[in-house]
Amino acid sequence: MEDVLRPLIVVGGSVIITLLVGWAVDVALRRADGRHHETPLWGLLRRCRVPLQVVLCTALLRGSFAHTRLHLLYDHRVGIGRALSLVLIGASAWLVVRVAATIVESSYARYATGSRDAARVRRVRTQVTLIQRVVIAVVATVAVAAMLLTFPAMQSVGTSMLASAGVLGIVAGVAAQSTLGNVFAGFQIAFGDMVRLGDTVVVDGEWGTVEEITLTFLAVRTWDERRITMPVSYFTSRPFENWSRGGVQMTGTVFFHLDHSAPIAAMRDKLRDIVGECGAWDGRDWSLAVTDTTPTTIQVRAVVTAKDADDVWTVRCAVREQLIGWLRDHHPYALPRLATAPAALPPGDEWPELTAVELTGGEIGSQSVLGKAPRTGRG
């Protein structure tokens, strides 16, 4: 009878203690979250309940399974103890990662709530995300090393590796030069504030939003939902456009090539009406001016503003579409056209003199010019 009750007491007691401790911790965190509404830390820490219970239950079983006095467990006590140790190390790493992630998320949420600077919030989010990834990588590496060191054979191997750590470090550094370069570039991007999560960038002619930054690569989501993945070292070694640097507000331009008779003043009034009815316009500024001229057309530039890159694209498209439609319906003469007209010859005897001096080709050139006046096109 004792051989049955003792294992049940050991295993059942470990499980009951684990459940009670987990329940007590959850109640305490719930009450703390109710008293401190200014920070989400206590509410987020409740997500650590499961790894905490796994660590506690494994630690209790690891320390008490030998007291069951079962011959089967006693004969395999080394293997069972090592298995429980491996589970305990893995669960402890899981708990540390979950706690670190909770603290990082709580700090970011509290900062984002109290700050009104969107650019600074994106910078902090980039940094805390990278810190979280570094913590996960370090904890995972330490946990794997601790698991391996539980085996006696790996302990001797570890001693040999420490003895030759210098040579191995040089070899690993040469072999993983590109990877290490990307890792250091990731730190430079995060803490050098070069590019942040949510920034609008243009890389290799592609316009998109920074969606993910890791220790080795960066993902950009384009306007058509494609993802461009590139090593983070690209952003530290090549120039790129960051439209969100210094603020997310944008100024957009729309160019029109029109006839010289285009009604500029009426276009300016129409532009004012268009931006006034466009919800994406932020109300900061607008303008319309003639910026260039050619023998056949003039170049008219409309300038509009918006709160971010997405809205400035919307405003530009609306201005372009509605102004062109308004010109087509009310001022079609202002649209560019290909004009043709007979060439006007100089009066009197000036034409033969000009052809004899300026044209080449002798009599053939003179005859071809002095014949019927050709029709030429302008533009």
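Each residue is numbered by its place in its chain's sequence as written, counting from 1. The model is predicted, so local features are restricted to residues of pLDDT at least 70 and side-chain atom pairs to those at 80 or more, both for listing and for counting; the totals for chains, interfaces and linings are taken over all residues. Note that water and hydrogens are dropped before the side-chain values are worked out from all heavy atoms of the structure.

### A short note on the overall build of the protein
The secondary structure content of the protein amounts to 14 helices and 10 strands. The buried share of the protein, reckoned over its 379 residues, is 30%. Two residues form a contact once any of their heavy atoms are found within 4.5 Å. Across the protein, contacts joining residues at least 24 apart in sequence account for 66% of those joining residues at least 6 apart. Only DSSP runs of H or I covering at least 4 residues are called helices, and only runs of E covering at least 2 are called strands; the numbering of each starts at the N terminus. Whether a residue is buried, partly exposed or exposed follows from its accessible area with a 1.4 Å probe, protein chains only, as a fraction of its type maximum: under 20%, in between, or over 50%, in that order.

### Considerations on unusual backbone geometry
Even without a glycine there, the phi angle at Glu225 is positive, about 70°. Relative to the helices and strands, Glu225 resides in the loop between β3 (217-222) and β4 (227-231).

### Here's the deal with the packing of helix α11 (residues 264-277) against helix α12 (residues 309-330)
Each axis is a line fitted through C-alpha atoms, taken for helices only over the stretch in contact, and angles between the N-to-C directions span 0 to 180 degrees. Look at α11 against α12: their axes get within 10 Å of each other, and the N-to-C directions meet at 135°. Judged by the angle between their axes, α11 and α12 are oblique. The two elements α11 and α12 meet at a crossing, and its hand is right-handed. Where α11 abuts α12, its residues Ala266, Met267, Lys270, Leu271, Ile274 and Val275 lie against Ala318, Val319, Gln322, Leu323, Trp326 and Leu327. Residues are grouped as follows: nonpolar covers Ala, Val, Leu, Ile, Met, Phe, Trp, Tyr, Cys and Pro; charged covers Asp, Glu, Lys and Arg; every other residue, Gly included, is treated as polar. Each residue belonging to the contact of α11 with α12 can be placed in one class, and the counts come to 10 nonpolar, one polar and one charged. For classification, angles of less than 35 degrees are called roughly parallel, those exceeding 145 degrees roughly antiparallel, those between 65 and 115 degrees roughly perpendicular, and all remaining angles oblique. Here is the rule for handedness: rotate from the far helix to the near one, and if that takes an anticlockwise turn smaller than a right angle the crossing is left-handed, while a clockwise turn gives right-handed.

### Focus on the pattern of salt bridges
Every case where a carboxyl oxygen of Asp or Glu lies within 4 Å of a side-chain nitrogen of Lys or Arg is listed as a salt bridge. All chains considered together, the criterion is met by 13 salt bridges. The shortest N-O distance in the salt bridge between Asp26 and Arg49 comes to 3.7 Å. Of this pair, Asp26 sits in helix α1 (residues 2-35) while Arg49 sits in helix α3 (residues 49-64), and the two are 23 residues apart along the sequence. Take Asp26: its relative accessible area is 7%, and that puts it in the buried class.

### With respect to the confidence of the model for the protein
Per residue, pLDDT measures the predictor's confidence, with a range of 0 to 100. Here the protein shows a mean pLDDT of 76. Residues at 70 or above account for 71%. No element of the protein has a lower mean pLDDT than strand β10 (residues 375-378), at 39, and none a higher one than strand β8 (residues 298-306), at 93. In the predicted structure, residues 359-379 sits below a pLDDT of 50 and forms 19 contacts with residues beyond four places in sequence or in another chain.

### A word on the environment of Val139
With respect to the secondary-structure elements, Val139 resides in helix α6 (residues 118-149). Of the residues examined, Val139 reaches a relative accessible area of 15% and is grouped as buried. Sequence spacing of Val139 and Ala93 is 46 residues, and the spatial spacing of their C-alpha atoms is 6.2 Å. What Val139 contacts, discounting residues up to four positions off in sequence, is Ala93, Val96 and Val97.

### Let's talk about a nonpolar patch on the surface
For patch detection, residues must exceed 30% relative accessible area and be free of salt bridges, and they are connected within 9 Å for like charges or within 5 Å for nonpolar side chains (Val, Leu, Ile, Met, Phe, Trp, Tyr). Only the protein chains shown count as cover for residues, with accessible areas throughout obtained via the Shrake-Rupley method and a probe of 1.4 Å. Residues Val11, Val15 and Leu19 make up a contiguous nonpolar surface patch of roughly 240 Å² in combined accessible area. Tracing the backbone through its elements, the reader meets Leu19 in helix α1.

### Examining α12
Look at α12: 31 Å from first C-alpha to last across 22 residues, which is about the 32 Å you get at 1.5 Å a residue. Listed in full, the buried residues belonging to α12 are Ala309, Asp311, Val312, Val315, Ala318, Val319, Leu323, Gly325, Trp326 and Leu327. Those residues of α12 that are buried lie in contact with β1 (200-203), β2 (206-213), β6 (250-258), α11, β7 (281-293) and β8. The backbone nitrogen of Asp310 lies 3.3 Å from a side-chain oxygen of the residue at the head of α12, namely Asp308. What a helix is expected to span follows from its residue count: subtract one and scale by 1.5 Å. Distance and chemistry together define a polar contact, namely a pair of N or O atoms within 3.5 Å, with one atom able to donate a hydrogen and the other to accept it when in protein, and with adjacent residues in sequence counting only for side-chain atoms on both sides.

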